[in-house]
Amino acid sequence: MSTTTRELNAEIFGRETTFEYSEHWIGYALVSMRVVMGWVLLQGGLTKLVTYLNADPSDNWTAAGFLANAIPEGNPFTAAFTAMAGSPLVDILVMWGLTLTGLGLILGALVRWNAFWGAVMMMMFWAASLTGGLMQGLPVAHGWVVDDHLVYAALLFGLGAVGAGRILGVDAYLEQTEFVKNNRVLRLILG
């Protein structure tokens, strides 16, 4: 026998409780979170992409300097990040990943796909910011465990979970096409 939230609230608080909300304002909140998070990622990607593509190769952005020199002392993944330093594939994945993920979120296109990969990037950035391991309490620069990257990853998870691209986004249109309706995989990555 399953217990509903309402029944559980009645059992805990001795009375039935309800939660009133406006779907209209929740929609606006989700769109604003999607667009703002998309802008953060797009801006980060474009600034790297513009310097990488300019005519002066000595000015090109690369992750190598950060990966080889800026990983905090005591980071449990230092060896892995150092091994990635200088890889053109890492540079391309970071630049284009941030740019395309940000653009997709702003447009509300393939939001679940973009939110997933955006969260993966944020978890990688979070792992690079650790100043110690599990036995030290997973410290980051200004506290333990939680920093901006983890907040971004949680926000992206939420946007993907609710299918935020269906609200004033391209995904709302795409989901109405016969091609998507007949393709289960596409239905899963839209939203």
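Residues numbered from 1 in each chain as written. Predicted model: local features only at pLDDT ≥ 70, side-chain atom pairs only at ≥ 80, totals over all residues. Heavy atoms only, no water.

**Some words on the overall build of the protein**
For clarity, the cut-off: Note on conventions: DSSP H or I runs of at least 4 residues are helices, E runs of at least 2 residues are strands, and numbering of each starts at the N terminus. Working definition: with a 1.4 Å probe on protein chains only, accessible area under 20% of the residue-type maximum means buried, over 50% means exposed, and in between means partly exposed. The method behind every accessible area is Shrake-Rupley, applied with a 1.4 Å probe, and residues are considered shielded solely by the protein chains displayed.
Secondary structure assignment for the protein yields 10 helices and two strands. Its helices and strands in sequence order give the protein the pattern α-α-α-α-α-α-β-β-α-α-α-α, from N to C terminus. Residues classed as buried in the protein amount to 33% of the 191 residues present. Carbon and sulfur atoms provide 68% of the accessible area of the protein, an area that totals close to 11,900 Å².

**Describing the confidence of the model for the protein**
What counts is decided by this rule: A residue's pLDDT is simply how confident the predictor is in it, with values from 0 to 100.
Taken residue by residue, the protein gives an average pLDDT of 84. The fraction at 70 or more is 82%. Strand S1 (residues 139-140) is the least confidently modelled element of the protein, averaging 60 in pLDDT, while helix H5 (residues 88-107) averages 94, the highest of any element.

**Quick look at the environment of Gly102**
The following threshold applies: The contact definition used throughout considers only heavy atoms, calling two residues in contact when any of these lie within 4.5 Å.
By secondary structure assignment, the location of Gly102 is in helix H5. Expressed as a C-alpha distance, the spacing of Gly102 and Leu42, which sit 60 residues apart in the sequence, is 4.2 Å. Residues in contact with Gly102, not counting those within four places in the same chain, are Gly38, Leu41 and Leu42.

**Brief notes about the packing of H5 against helix H6 (residues 111-129)**
The relative placement of two packed helices comes down to the angle between their axes together with the axis-to-axis distance. Filter applied, for reference: In this description, a line fitted to the C-alpha atoms serves as the axis of each element, helices being fitted only across the stretch in contact, and the angle between N-to-C directions of two axes falls anywhere from 0 to 180 degrees. Each angle is binned into one of four classes, with values under 35 degrees roughly parallel, values over 145 roughly antiparallel, values of 65 to 115 roughly perpendicular, and all other values oblique. Less than a right angle of anticlockwise turn of the near helix away from the far helix marks a crossing as left-handed, whereas a clockwise turn marks it as right-handed.
Between H5 and H6, whose axes approach to 9 Å, the crossing angle comes to 140°. Here H6 runs oblique to H5, going by the angle between their axes. In the crossing of H5 with H6, the sense of the turn from one axis to the other is left-handed. Where H5 approaches H6, its residues Val94, Gly97, Leu98, Leu100, Thr101, Gly104 and Leu105 are matched on the opposing element by Val111, Asn114, Ala115, Gly118, Met121, Met122 and Phe125.

**Considerations on the pattern of salt bridges**
Cut-off, in case you're wondering: Salt bridges, as used here, are contacts in which a Lys or Arg side-chain nitrogen is within 4 Å of a carboxyl oxygen on Asp or Glu.
Tallied over the entire structure, the rule returns one salt bridge. Residues Arg166 and Glu175 are paired through a salt bridge, measuring 2.9 Å at the closest nitrogen-oxygen approach. A residue is classified by how much of its surface remains accessible, and Arg166, at 36% relative accessible area, is partly exposed. Accessibility expressed as a relative area gives 17% for Glu175, which makes it buried.

**Topic: helix H2 (residues 23-53)**
Condition: To estimate the expected span of a helix, subtract one from its residue number and multiply by 1.5 Å.
Over its 31 residues, H2 extends 43 Å from the first C-alpha to the last, a length consistent with the 45 Å expected when each residue adds 1.5 Å. Those residues of H2 not exposed but buried are Gly27, Leu30, Val31, Arg34, Met37, Gly38, Leu41, Leu42, Gly44, Gly45 and Leu49. The inward-facing, buried residues of H2 abut H5, H6 and helix H7 (148-162).

**Considering the nonpolar core**
Nonpolar side chains in soluble globular proteins generally cluster together in the buried interior. Worth spelling out the cut-off: Put simply, buried Ala, Val, Leu, Ile, Met, Phe, Trp, Tyr and Cys residues joined by side-chain atoms within 4.5 Å make one nonpolar core.
Of all hydrophobic cores here, the largest spans 24 residues; its most connected members are Leu41 and Leu156. Residue assignment for this core shows that the elements contributing at least two residues are H2, H5, H6 and H7. Here this core gets eight residues from one element, more than from any other, and that element is H6. Setting aside chain neighbours within four positions, we find Leu156 in contact with Met37, Leu41, Leu105, Ala115, Gly118, Ala119 and Met122.

**Quick notes on the side chain of Arg34**
Where we set the bar: Residues scored as positive are Lys and Arg, those scored as negative are Asp and Glu, and His as well as the terminal groups of each chain are ignored. The definition of a polar contact used here is a pair of N or O atoms within 3.5 Å, where within protein one atom must be able to donate a hydrogen and the other to accept one, and adjacent residues in sequence count solely through side-chain atom pairs.
Tracing the chain through its elements places Arg34 in helix H2. Of the buried charged residues, Arg34 lacks a salt bridge, with Asp171 as the closest side chain of opposite charge at 7.4 Å. A distance of 2.8 Å separates a polar side-chain atom of Arg34 from the backbone oxygen of Ala164. At a separation of 2.8 Å, a polar atom in the side chain of Arg34 contacts the main-chain carbonyl oxygen of Ile167.

**Things to note about the packing of aromatic side chains**
We apply this condition: Aromatic rings from Phe, Tyr and Trp, taking only the six-membered ring of Trp, are treated as a pair when their centres fall within 6.5 Å; an angle between ring planes under 30 degrees marks them as stacked, one over 60 as edge-to-face, and anything in between as tilted.
On inspection of all chains with the given rule, the structure shows three aromatic pairs. Judged by centre distance (5.9 Å) and plane angle (65°), the ring pair of Trp113 and Trp117 falls under edge-to-face. Taken together, the residues Trp113 and Trp117, both in helix H6 and four residues apart, mark about one turn of the helix. What makes Trp113 partly exposed here is its relative accessible area of 43%.

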